[in-house]
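Here are the chains, one letter per residue:
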Amino acid sequence: KQEVTQIPAALSVPEGENLVLNCSFTDSAIYNLQWFRQDPGKGLTSLLLIQSSQREQTSGRLNASLDKSSGRSTLYIAASQPGDSATYLCAVQNAGNMLTFGGGTRLMVKP
Amino acid sequence: DAGVIQSPRHEVTEMGQEVTLRCKPISGHNSLFWYRQTMMRGLELLIYFNNNVPIDDSGMPEDRFSAKMPNASFSTLKIQPSEPRDSAVYFCASKVEGASGYTFGSGTRLTVV
C-alpha cells in the first residue's frame, strides 16, 4: 500500500526566503506526482504535475522535482510571499487511477 | 470550463437524517472520485468511477454510505442515516483516465449535529 509523507508538517518563514517542501513515498511504481495548494476552508488547487518520466516541472516561482527511484519529491518556492501561506499537499498516482495524499505542510510566510 | 462543481457548499443536518452530496465533473473527464477530508485522517479516497462504473469502493466507511453515477455529468454521494462522526469536508474530483492530473471541486462542508 502506498504511503506518502510530507516534512515538515508546518513551516513559518519571513517574506522573501526561498524554501523547500519535502515529500516521500514508499512505492516507486507511480504514474505521476501532483502538488496541490489548499487555502483554509477552500478546495485543492493543482500547482504542478510531474509525470513518472519527468525530473521536474516549473511554474513561475515554483519548481517541483521528482526522484522516482528514491521515492522523493521536493517543491521549491522562490522569494516567498505572504500570499503563499497555505497548506501544500503532495499526492501520487499509482496504477488503478488512485491518488494517495500526504498529510500536507502548513506554510506561513510572515510579512 | 467551470471546473468540478459541487453542491451544496455547506450542509448542516441532524443525526439520523439523509444527506445527499452532488458533483458535476469536468466535461470529457471519464474518471470521478469522492474524497473525505478530516483533521485527524487527512484526505481519504471513498470511491471512484471510470466511465460511470464504480471501480473501487473499498474506502466507503460503512453501508450507510452509497454513491452513484447515473451519467457522465453527474454523481451523488449519499449518507443514510447520518452520524456526527460523518462531519467532514467531502471533495469530488475528476480526470481523464490515465496519467493526467486531477481537478478538485470546492468541496461540501458537512456538519452533523
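Residues numbered from 1 in each chain as written. Chains lettered and ligands numbered in written order. Predicted model: local features only at pLDDT ≥ 70, side-chain atom pairs only at ≥ 80, totals over all residues. Heavy atoms only, no water.

A. Up close: the interface of chain B and chain A. With 21 residues of chain B at the contact, the number on the chain A side is 19 residues. Where chain B abuts chain A, roughly 1400 Å² becomes buried across the two surfaces, and 52% of that area is made up of carbon and sulfur atoms. Taken together, the links from chain B to chain A amount to 0 salt bridges. Only strand 4 (31-38), strand 5 (42-50) and strand 9 (88-95) of chain B provide two or more residues apiece to the side of chain B that touches chain A. Class assignment of the residues belonging to the side of chain B that touches chain A gives a composition of 9 nonpolar, 8 polar and 4 charged. (Contact = heavy atoms within 4.5 Å. Buried area = accessible area lost by both parts, 1.4 Å probe. Salt bridge = Lys/Arg side-chain N within 4 Å of Asp/Glu carboxyl O. Helix = DSSP H or I, 4+ residues; strand = E, 2+ residues; numbered from the N terminus. Nonpolar A, V, L, I, M, F, W, Y, C, P; charged D, E, K, R; others polar.)

B. Region of the structure containing the packing of aromatic side chains. This model, assessed by the stated rule, comprises 9 aromatic pairs over all chains. Taking the centre distance of 6.3 Å and the plane angle of 80 degrees together, the rings of Phe91 of chain B and Phe104 of chain B count as edge-to-face. Of the two residues, Phe91 of chain B is situated in strand 9 and Phe104 of chain B in strand 10 (residues 103-104); the sequence distance between them amounts to 13 residues. You can call Phe91 of chain B buried: its relative accessible area is 1%. Judged by relative accessible area, Phe104 of chain B falls into the buried class, the value being 8%. Between Tyr102 of chain B and Phe104 of chain B the ring centres are 6.4 Å apart and the planes differ by 25 degrees, which places this aromatic pair in the stacked class. Since its relative accessible area comes to 2%, Tyr102 of chain B is described here as buried. Among the aromatic residues, ring-to-ring pairing joins Phe36 and Phe101 of chain A together with Phe33, Tyr35, Tyr48, Phe91, Tyr102 and Phe104 of chain B into one connected group. (Phe/Tyr/Trp six-rings, centres within 6.5 Å; stacked < 30°, edge-to-face > 60°. Buried < 20%, exposed > 50% of the residue type's maximum accessible area, 1.4 Å probe, protein only.)

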